[in-house]
Amino acid sequence: MANILIFDSGMGGLSVYREVHRALPAHQYFYLFDNACFPYGELDEARLVERVLELLTVFVARHHIDIVIIACNTASTYVLPALREQLHIPVVGVVPAIKPAAEYCRSKGLKHIGLLATPGTVSRRYTAELVQRFAADMQISMLGTTELVRMAEDKLAGETVNISHLVRILTPWRGNDKPDALVLGCTHFPLLANELSQCLPKVHLIDSGEAIARRVSSLLLQPFTAKRITEQTQQLSGRVYCTELTAKAKAQSLAFAKEGFTFISEFCV
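A. Examining the confidence of the model for the protein more closely. Taken residue by residue, the protein gives an average pLDDT of 91. The fraction at 70 or more is 94%. Of the regions scoring below 50 in pLDDT, residues 222–235 engages in 21 contacts with residues more than four places distant in sequence or in other chains.

B. Geometry of the sheet that holds strand β6 (residues 139–144). Sheet architecture is open: four strands sit in the order β6-β5-β7-β8, paired in parallel fashion. Both edges of this open sheet fall to β6 and β8 (204–206), since each of them pairs with a single strand only. When the angles between neighbouring strand axes are averaged without regard to direction, this sheet yields 25°. Pairing geometry for strand β5 (residues 112–117) and strand β7 (residues 181–184), over four bridges, is parallel. Considered in β7, the bridge of glycine 114 is made with leucine 182.

C. Region of the structure containing the pairing of strand β10 (residues 261–266). With four bridges joining them, strand β9 (residues 238–242) and β10 adopt parallel strand pairing. Looking across to β10, one finds that glycine 238 is bridged to phenylalanine 261. After leaving β9, the chain enters helix α12 (residues 247–258) and then returns to the sheet as β10, a path that is right-handed.

D. Structural view of the nonpolar core. Formed by 51 residues in total, the largest nonpolar core has its most connected members in Leu14, Val20, Tyr31, Ile69, Leu116, Leu170 and Val216. The next biggest cluster of nonpolar side chains, apart from the first, holds 27 residues, and it includes Leu48, Val68, Cys72 and Tyr241.

E. Main features of the layout of surface pockets. Here the largest pocket defines a volume of roughly 690 Å³. Lining the largest pocket are 28 residues, and of these Gly93, Val94, Val95, Tyr126 and Ala211 lie nearest its centre. For the lining of the largest pocket, the secondary structure elements donating two or more residues are α3 (73–87), β4 (91–92), α4 (98–108), α6 (125–134) and α10 (209–220). Within this model, the second largest pocket holds a volume of roughly 260 Å³. Taken together, Ser15, Arg18, Glu19, Arg22, Pro100, Pro190, Asp207, Gly209, Glu210, Ala211 and Arg214 form the lining of the second largest pocket. In terms of residue class, the lining of the second largest pocket is built from three nonpolar, two polar and six charged.

F. Inspection of the pairing of β7 at higher detail. Of the two faces of β7, the one lined by Ala181 and Val183 and the one lined by Leu182 and Leu184 are each fully buried. Relative to β8, β7 is paired through three bridges, and the arrangement is parallel. Directly across from valine 183, in β8, lies its bridge partner isoleucine 206. What joins β7 to β8 is helix α9 (residues 193–199), and the crossover it makes is right-handed.

G. Structural detail: helix α2 (residues 45–63). The terminal C-alpha atoms of α2 lie 27 Å apart, and with 19 residues this matches the ideal 27 Å at 1.5 Å per residue to within 8%. Among all positions in α2, only Leu48, Val49, Arg51, Val52, Leu53, Leu55, Leu56, Phe59, Val60 and His63 are buried. Looking at the buried residues of α2, the elements they touch are β1 (3–8), β2 (28–33), β3 (67–70), α3 and β9. Two to three positions downstream of the cap, the backbone nitrogen of alanine 46 sits 3.2 Å from a side-chain oxygen, assigning the N-cap of α2 to aspartate 44. Histidine 64, located one to two residues past α2, shows a positive phi value of around 55°.

H. The arrangement of the packing of α4 against α6 in detail. Running from amino to carboxyl end, α4 crosses α6 at an angle of 30°, the nearest separation of the two axes being 9 Å. Overall, the two elements α4 and α6 adopt an arrangement that is roughly parallel. Seen from above, α4 lies across α6 with right-handed handedness. Of the residues in α6, those touching α4 at Ile98, Lys99, Ala102 and Arg106 are Leu130, Val131 and Phe134. When the residues that make up the contact of α4 with α6 are grouped by side-chain class, the tally is five nonpolar, no polar and two charged.

Rules behind the numbers
Residues numbered from 1 in each chain as written. Predicted model: local features only at pLDDT ≥ 70, side-chain atom pairs only at ≥ 80, totals over all residues. Heavy atoms only, no water. pLDDT = per-residue confidence, 0-100. Contact = heavy atoms within 4.5 Å. Pairing = 2+ DSSP bridges. Helix = DSSP H or I, 4+ residues; strand = E, 2+ residues; numbered from the N terminus. Axes fitted to C-alpha atoms, helices over the stretch in contact; angles between N-to-C directions. Right-handed = clockwise from strand over helix to strand, strands pointing away. Core = buried A, V, L, I, M, F, W, Y, C linked by side-chain atoms within 4.5 Å. Buried < 20%, exposed > 50% of the residue type's maximum accessible area, 1.4 Å probe, protein only. 1 Å grid on protein atoms, 1.4 Å probe; cavity = no way out; pocket = protein on both sides within 12 Å on 5 of 7 lines; lining within 4 Å. Points joined across faces, edges and corners; volume = space filled by probe spheres on them. Nonpolar A, V, L, I, M, F, W, Y, C, P; charged D, E, K, R; others polar. Expected span 1.5 Å × (residues − 1). Polar contact = N/O pair within 3.5 Å; in protein donor to acceptor, adjacent residues only side chain to side chain. Parallel < 35°, antiparallel > 145°, perpendicular 65-115°, else oblique. Left-handed = near helix turned anticlockwise from the far one by under 90°.

Here is the structure:
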């Protein structure tokens, strides 16, 4: 049994957890979200790297974590090299699902891929390199927004999604030139899949969840990982931690409970 940590600035990592847990149910899951610094898309690079290293080096040691999933596109683009150097355990990041979107479009004879992500992910050179590598023959349109991140957080706190506002955000894709496949380039966005499909009917939504689950599965089968897996914990209920136990975090704990996590606790370095 492995201790698996899913980390995000907010609750977007739940979309990743669902896929990983579906593939690997017999493990102990920990979820840590840094709501004290939410959203990460508004932090500068140096502060983001410093913050994630500070939190995860302590959390991993304290809870004997075997594998870390950085369930945040923004953090993944900045933090992975430094984090892997510090932790010495497998660290899995997320990237926009450009490759599977291109494969889907080619299989259907389609050409237009939309990327819905945070402004930081849209503007990153890494994203442009993914497009050039896997979808150079496709029409690519990108839309950067942090508003959907907050919408997803509010939804999981029990608030109703404002569909009219979501429609306004998606206006560039509401005409005849809407994408055939839409890459959800932030882990928060699959949490709004029903609302996005309502606003963009007949657009195929694609995220990175299944790819991450496959990667985690392969890493847990590697000998050097298997040696670290212990039987010290028999409790299979997930454990969730936040960095600031606010009223909103307490409201969001209900969404975690529906996924099989216990009550929320505050984590302090």
